[in-house]
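What the coordinates show
Okay, here's what each chain looks like letter by letter:
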Amino acid sequence: AQSVTQLDSQVPVFEEAPVELRCNYSSSVSVYLFWYVQYPNQGLQLLLKYLSGSTLVKGINGFEAEFNKSQTSFHLRKPSVHISDTAEYFCASGGSNYKLTFGKGTLLTVNP
Amino acid sequence: EAGVTQFPSHSVIEKGQTVTLRCDPISGHDNLYWYRRVMGKEIKFLLHFVKESKQDESGMPNNRFLAERTGGTYSTLKVQPAELEDSGVYFCASSQLTGSSYNSPLHFGNGTRLTVT
C-alpha cells in the first residue's frame, strides 16, 4: 500500500523568504506524485505533478519540486514566497487513475 | 466552463439523521471521485465512478454510505444514519476519460463540510 508523509504540519515564513515543504512517499510500484494547494474555502488546485522524465518539475505560481527516488522524496520549493501563498499544501501519490493517497497537509503561513 | 459544484457547502445534522451530498461534475467528465477529510487527518479516497458505474468503492467506510450516479451526470453521497465520526469535509472531483489516466487534470469542488452533533 502507498503512503505519503508530510513531515511538517505547519510552516511559518516571512514574505520573500524561500520555503521548502517536505514530502516522503513509500511505494513498491511505479509512483506518480502530485502537489495540491487549498486556499481558504476553496477546493484543491494542482500545483505540479511528476509522472516520468525530468526529476525537476516546475509548476504554477513559481513552485517547483524535485523527485528523488533514492530518498523517496518529493519536496516542494519556492525561492521567494508572497502573502498570497498562505494556504494548505498537500502531497499525494497515485498508482492508477486518480485514486490518490494524500499526506496530512502542511499549512504554510506567510507573514509580512 | 463551470467547475465542479457541490451542495450544500455546509451541513449540520444530529446523530442518527440522514444527509445527502450532491456533486455536479464538469460537463463531459466521465470520471467522478469522492474523497473525505476527517478533522486532522488525511484526505482519503472513497470511491470512483466511470460514467454511471462504480469503478472502485474500496474506500467507502461502511454500509451507511451509499453513492449513486444515475445517468452518469451528477452524483449523490448519502449517509444514513449519520454518526459522529462521519464529520469532516467531503470533496468531489472529476476528470475526462482519456487513454492515459493523468493526461486529463483532476478538478476538485469546494467540498461539503459535514458536522454531526
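Summarised in this report is the structure supplied together with it. (Residues numbered from 1 in each chain as written. Chains lettered and ligands numbered in written order. Predicted model: local features only at pLDDT ≥ 70, side-chain atom pairs only at ≥ 80, totals over all residues. Heavy atoms only, no water.)

Attention now goes to the sheet that holds strand β3 (residues 19-24) of chain B. By definition, the strands of a sheet pair up through backbone hydrogen bonds, in either a parallel or an antiparallel sense. All names here are of chain B. If you walk across this open sheet you meet the four strands as β1-β3-β8-β7, and the pairing is antiparallel. Looking at which strands have only one partner, the edges of the open sheet turn out to be β1 (5-7) and β7 (65-68). Mean inter-strand twist for the sheet, computed between neighbouring axes without regard to direction, equals 15°. As paired strands, β7 and strand β8 (residues 75-79) are joined by four bridges and run antiparallel to one another. Across the sheet, leucine 66 pairs through a bridge with lysine 78, a residue of β8. (Pairing = 2+ DSSP bridges. Helix = DSSP H or I, 4+ residues; strand = E, 2+ residues; numbered from the N terminus. Axes fitted to C-alpha atoms, helices over the stretch in contact; angles between N-to-C directions.)

Summed over the entire model, instances satisfying the criterion amount to 15 aromatic pairs over all chains. Between the aromatic rings of phenylalanine 90 of chain A and phenylalanine 102 of chain A, the centroid separation amounts to 6.3 Å while the plane-to-plane angle is 90°, which identifies the pairing as edge-to-face. With a gap of twelve residues between them, phenylalanine 90 of chain A in strand β10 (residues 87-94) and phenylalanine 102 of chain A in strand β11 (residues 100-102) connect regions that are remote in the sequence. Ring plane angle 90° and centroid distance 6.2 Å describe the contact between tyrosine 98 of chain A and tyrosine 33 of chain B, whose orientation is recorded as edge-to-face. Separated into two different chains, tyrosine 98 of chain A in the loop between β10 and β11 and tyrosine 33 of chain B in strand β4 (residues 31-37) make up a pair that spans both. In terms of burial, tyrosine 98 of chain A and tyrosine 33 of chain B fall into one category: buried. The lysine or arginine in question, arginine 22 of chain B, covers the ring of tyrosine 74 of chain B, its NZ or CZ lying 3.8 Å from the ring centre. (Phe/Tyr/Trp six-rings, centres within 6.5 Å; stacked < 30°, edge-to-face > 60°. Buried < 20%, exposed > 50% of the residue type's maximum accessible area, 1.4 Å probe, protein only. Lys NZ or Arg CZ within 6 Å of the ring centre and 35° of its normal.)

With omega at -15°, the peptide bond leading from phenylalanine 7 of chain B into proline 8 of chain B counts as cis. Of note, proline 8 of chain B is situated in the loop between β1 and β2 (10-13). The peptide bond linking glutamine 80 of chain B to proline 81 of chain B adopts the cis configuration, its omega dihedral lying at -10°. With phi around 75°, glutamate 16 of chain A is a residue other than glycine that occupies positive phi space. Tracing the chain through its elements places glutamate 16 of chain A in the loop between β2 (10-14) and β3 (19-21). Judged by relative accessible area, which is 61%, glutamate 16 of chain A ranks as exposed. One non-glycine residue with positive phi stands out, namely asparagine 41 of chain A, at about 60°. Among the secondary structure elements, asparagine 41 of chain A is positioned in the loop between β5 (32-38) and β6 (44-50). Exposure remark for asparagine 41 of chain A: the relative accessible area of 72% places this residue in the exposed category.

Once that is clear, we can look at the nonpolar core. Counting 27 residues, the largest nonpolar core has Trp35, Leu47, Leu48, Phe74, Leu76 and Tyr89 of chain A as the members making the most contacts within it. Those elements that provide at least two residues to this core are β2, β3, β5, β6, β8 (64-68), β9 (73-78), β10 and β12 (106-111) of chain A. With near-sequence residues (within four places) excluded, phenylalanine 74 of chain A lies in contact with Cys23, Leu33, Phe34, Trp35, Leu48, Lys49, Tyr50, Val57, Ala65, Glu66, Phe67 and Cys91 of chain A. Among the nonpolar cores identified, the runner-up in size contains 21 residues, and Val4, Ile13, Leu21 and Cys23 of chain B belong to it. (Core = buried A, V, L, I, M, F, W, Y, C linked by side-chain atoms within 4.5 Å. Contact = heavy atoms within 4.5 Å.)

Residue and element names in this part refer to chain B. Structurally, arginine 69 can be placed in the loop between β7 and β8. Buried and unpaired, arginine 69 has aspartate 30 as its nearest opposite-charge partner, separated by 5.4 Å. Only 2.9 Å separates the side chain of arginine 69 from the backbone oxygen of histidine 29, close enough to count as a polar contact. Within the structure, arginine 69 has its side chain in polar contact with the backbone oxygen of threonine 73 (distance 2.8 Å). Excluding residues within four positions of it along the chain, arginine 69 makes contact with Pro25, His29, Asp30, Asn31, Leu32, Phe49, Val50, Lys51, Glu52, Tyr74 and Ser75. (Lys, Arg positive; Asp, Glu negative; His and termini not counted. Salt bridge = Lys/Arg side-chain N within 4 Å of Asp/Glu carboxyl O. Polar contact = N/O pair within 3.5 Å; in protein donor to acceptor, adjacent residues only side chain to side chain.)

So, about the layout of surface pockets. Think of a ball as big as a water molecule: rolled over the atoms, this probe shows where empty space is left. The volume enclosed by the largest pocket comes to roughly 600 Å³. As for the largest pocket, its lining consists of 28 residues, and the residues nearest its centre are Gln38 and Asn41 of chain A together with Val89, Phe91 and Arg113 of chain B. For the lining of the largest pocket, the secondary structure elements donating two or more residues are β10 of chain A together with β1, β9 (88-95) and β11 (112-116) of chain B. Looking at the lining of the largest pocket, the element that brings in the most residues is β11 of chain B, giving four residues. Tallied by class, the residues present in the lining of the largest pocket amount to ten nonpolar, 15 polar and three charged. (1 Å grid on protein atoms, 1.4 Å probe; cavity = no way out; pocket = protein on both sides within 12 Å on 5 of 7 lines; lining within 4 Å. Points joined across faces, edges and corners; volume = space filled by probe spheres on them. Nonpolar A, V, L, I, M, F, W, Y, C, P; charged D, E, K, R; others polar.)

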